[in-house]
Amino acid sequence: MSSHHYEQIAIVKSTAPVLQEHGVTITTTFYNNLLAAHEELKNVFSLTSQTTGRQPRALAGAVLAYATYIDDLPKLHHAVERIAHKHVSLQITAPQYDIVGQFLMEAIGQVLGDAATPAIVDAWTAAYGVLASVFINREAEMYEANKADHWVGWRKFKVIRRVAESSDIASFHLAPLDGVKLPKYLPGQYVSLQVFVPELGVLQSRQYSLSEAPKAAGEYYRISVKAVEGEVKDHPGVLSNLLHRELKEGSEVELSHPQGEFFVDPSDQSKEGKPIALISAGVGATPLMAILQSLTEDSTVTGQKPVSRPVSWIHGSRTSKTLAFYDEVKAITKKNENVKAKIFLSNATPEEKLGEDYPFAQTRIDLSKLDAEKDLFLSNNATEYFICGPELFMYDVRRVLRDMGVAKERINLELFATGDVVDA
């Protein structure tokens with residue numbers, strides 16, 4: 001490494017406090033300028049995340065994390081892996097990194113003015129180039145892997161079945177129009193779904209977990225979607241509500257190849273006998289449902305024999321009306337002695353409180369109410385924890401588990417939303 005390179009690293013690290021102060025202004029300026037000059041990218045970025053400010057905040061956080069750990073990039077491995085999977089699911093291309101780099105540097109100059117000296121701009125240009133290369137190379141590997149499945153790009157699917165899972169969650173069974181057998185995916189992974197949104201005049205994509213274990217026949221994929229109320233008052237989730245409103249049997253959508261770094265390999269022999277706790281709230285049950293099925297279903301269904309593991313299913317919902325997959329979970333626990341389920345209902349009705357099915361009524365998920373060994377397997381240092389639900393819920397569960405002595409390497413979070421946590 002040249003002394004010039006070390007100098008540039010020092011400059012990038014020294015500007016981290018400036019990014020903390022002006023980061024969101026820089027990234028907001030960046031997105032405004034980028035989307036004004038390249039309207040076609042409105043088909044790529046979530047316009048809802050632009051409206052709520054989540055996307056600029058997330059990018060500012062990512063840039064700050066990069067500035068902080070530029071001399072210790074392994075710390076960013078999980079964030080890079082997660083973002084790369086999402087980029088591939090959205091069909092991001094290498095040339096788009098050049099466009100983003102150009103507008104990001106312009107935004108830094110625009111916001112910082114004279115403070116953006118030539119040395120600072122040069123250092124950040126070089127740093128961005130290094131990071132872009134990391135993403136481009138990793139994403140190229142993923143695209144190559146997808147080519148082996150003869151599936152790169154968007155593929156047309158038809159809704160062959162729609163099922164109401166709860167009062168606000170619907171499952172859609174999606175079969176490819178080309179009739180070609182679908183590739184296997186790892187339970188916990190997601191697909192990106194793309195549709196045209198008339199009120200916005202653009203294509204929009206969202207990631208939806210595959211909510212069923214992969215089937216050997218490969219005839220269809222199942223996703224389960226909640227009609228989201230939205231982060232901003234009177235701005236409900238654009239795509240989720242459109243799907244609930246418009247997607248009927250026979251409707252067409254486009255999907256990209258399954259992606260995601262949040263998964264369980266049910267055939268991994270090294271996990272034999274090692275407990276796993278699946279902890280979810282609301283629609284966060286979707287990827288965990290695929291994992292639960294894959295660990296318990298017959299190999300004639302999934303095409304592979306799962307290893308035997310003690311499994312704990314811990315789920316929270318508002319009431320039994322909003323409780324998805326309950327019948328499926330109940331059937332699995334009856335058939336498999338190694339699976340135990342605990343359900344929390346935070347707003348249970350008097351009838352629900354009296355029933356035996358819901359021992360934890362009128363309470364959100366509270367791990368302290370569970371049996372430390374039978375439900376959480378705390379004394380076993382090989383136990384894995386997979387958590388999915390609203391962000392604050394996941395962070396809270398992770399904190400409680402850490403306080404209970406669980407090592408962070410054994411705690412896995414599925415962050416649906418834009419952004420990431422560097423030190424998970």
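These figures come from a predicted structure and were not determined experimentally.

### Things to note about the overall build of the chain
Across its full length, the chain carries 13 helices and 12 strands. Against the 2.2 N^0.38 benchmark of 22 Å for 424 residues, the chain shows a C-alpha radius of gyration of 23 Å, consistent with a compact globule. Along the longest, intermediate and shortest principal axes, the C-alpha atoms of the chain span 70 × 50 × 45 Å. Counting all 424 residues of the chain, 50% fall into the buried class. Considering only intrachain contacts with a sequence separation of at least 6, the fraction spanning at least 24 residues in the chain is 74%. Just so you have it, the chain exposes about 19700 Å², and 54% of that area is on carbon and sulfur atoms.

### Considerations on the nonpolar core
In this structure, V12, L19, F30 and W124 are the most contacted members of the largest nonpolar core, which totals 42 residues. The leading source of residues in this core is helix 7 (residues 118-147), at 9 residues. Setting aside residues up to four positions removed in sequence, W124 forms contacts with V12, T15, L19, V63, Y66, A67 and M105. Within the second largest apolar cluster, 25 residues are counted, among which are M289, L292, F325 and I343.

### Remarks on the pattern of salt bridges
This structure, assessed with the given rule, holds 20 salt bridges. Ionic pairing is found between K215 and E212, a salt bridge with its closest N-O pair at 4.0 Å.

### Some words on the pairing of strand 11 (residues 384-388)
In terms of residue burial, strand 11 counts as a mostly covered element, since 5 of its 5 residues are buried. Taking every second residue as pointing to the same face, both faces of strand 11 are buried, with E384, F386 and C388 on one and Y385 and I387 on the other. Pairing analysis gives 5 bridges linking strand 7 (residues 276-281) to strand 11, with the strands arranged parallel. The residue bridging I276 from the neighbouring strand is E384, located in strand 11. Inspection of the sheet shows strand 11 paired to strand 12 (residues 411-414) by 4 bridges, in the parallel sense. What sits directly across from F386, in strand 12, is N412.

### Quick look at the sheet that holds strand 5 (residues 221-226)
One open sheet accounts for 6 strands, arranged 4-3-6-1-2-5; its pairing is antiparallel. Of all the strands in the sheet, just strand 4 (202-209) and strand 5 have a single pairing partner and so form its edges. Neighbouring strand axes in the sheet, compared pairwise and without regard to direction, differ in orientation by 40° on average. The pairing of strand 3 (residues 190-197) with strand 6 (residues 252-255) spans 2 bridges and is antiparallel. Counterpart to Q194 in the pairing with strand 6 is E254. Contacts between helix 5 (residues 77-89) and the sheet are confined to strand 3 and strand 4, with strand 3 contributing the most and set at about 45° to the helix. On the sheet, helix 8 (residues 238-246) packs against strand 1 (155-164), strand 2 (169-176), strand 3, strand 4 and strand 5 and is oriented at approximately 80° with respect to strand 3.

### Details of the packing of aromatic side chains
Using the criterion set out here, one finds 8 aromatic pairs in the structure. Taking the centre distance of 6.4 Å and the plane angle of 20° together, the rings of Y97 and F135 count as stacked. Taken together, the residues span a long stretch of sequence, with Y97 in helix 6 (residues 94-112) and F135 in helix 7 at a distance of 38 residues. One aromatic cluster in this structure is built from W151, F157, Y185 and Y221. We note R155 situated over the ring of W151; from NZ or CZ to the ring centre the distance is 4.7 Å.

Quick notes on the rules
Residues numbered from 1 in each chain as written. Predicted model: local features only at pLDDT ≥ 70, side-chain atom pairs only at ≥ 80, totals over all residues. Heavy atoms only, no water. Helix = DSSP H or I, 4+ residues; strand = E, 2+ residues; numbered from the N terminus. Rg over C-alpha atoms; globule rule 2.2 N^0.38 Å. Buried < 20%, exposed > 50% of the residue type's maximum accessible area, 1.4 Å probe, protein only. Contact = heavy atoms within 4.5 Å. Areas by Shrake-Rupley, 256 points an atom, 1.4 Å probe, with all protein chains shown as cover. Core = buried A, V, L, I, M, F, W, Y, C linked by side-chain atoms within 4.5 Å. Salt bridge = Lys/Arg side-chain N within 4 Å of Asp/Glu carboxyl O. Pairing = 2+ DSSP bridges. Axes fitted to C-alpha atoms, helices over the stretch in contact; angles between N-to-C directions. Phe/Tyr/Trp six-rings, centres within 6.5 Å; stacked < 30°, edge-to-face > 60°. Lys NZ or Arg CZ within 6 Å of the ring centre and 35° of its normal.

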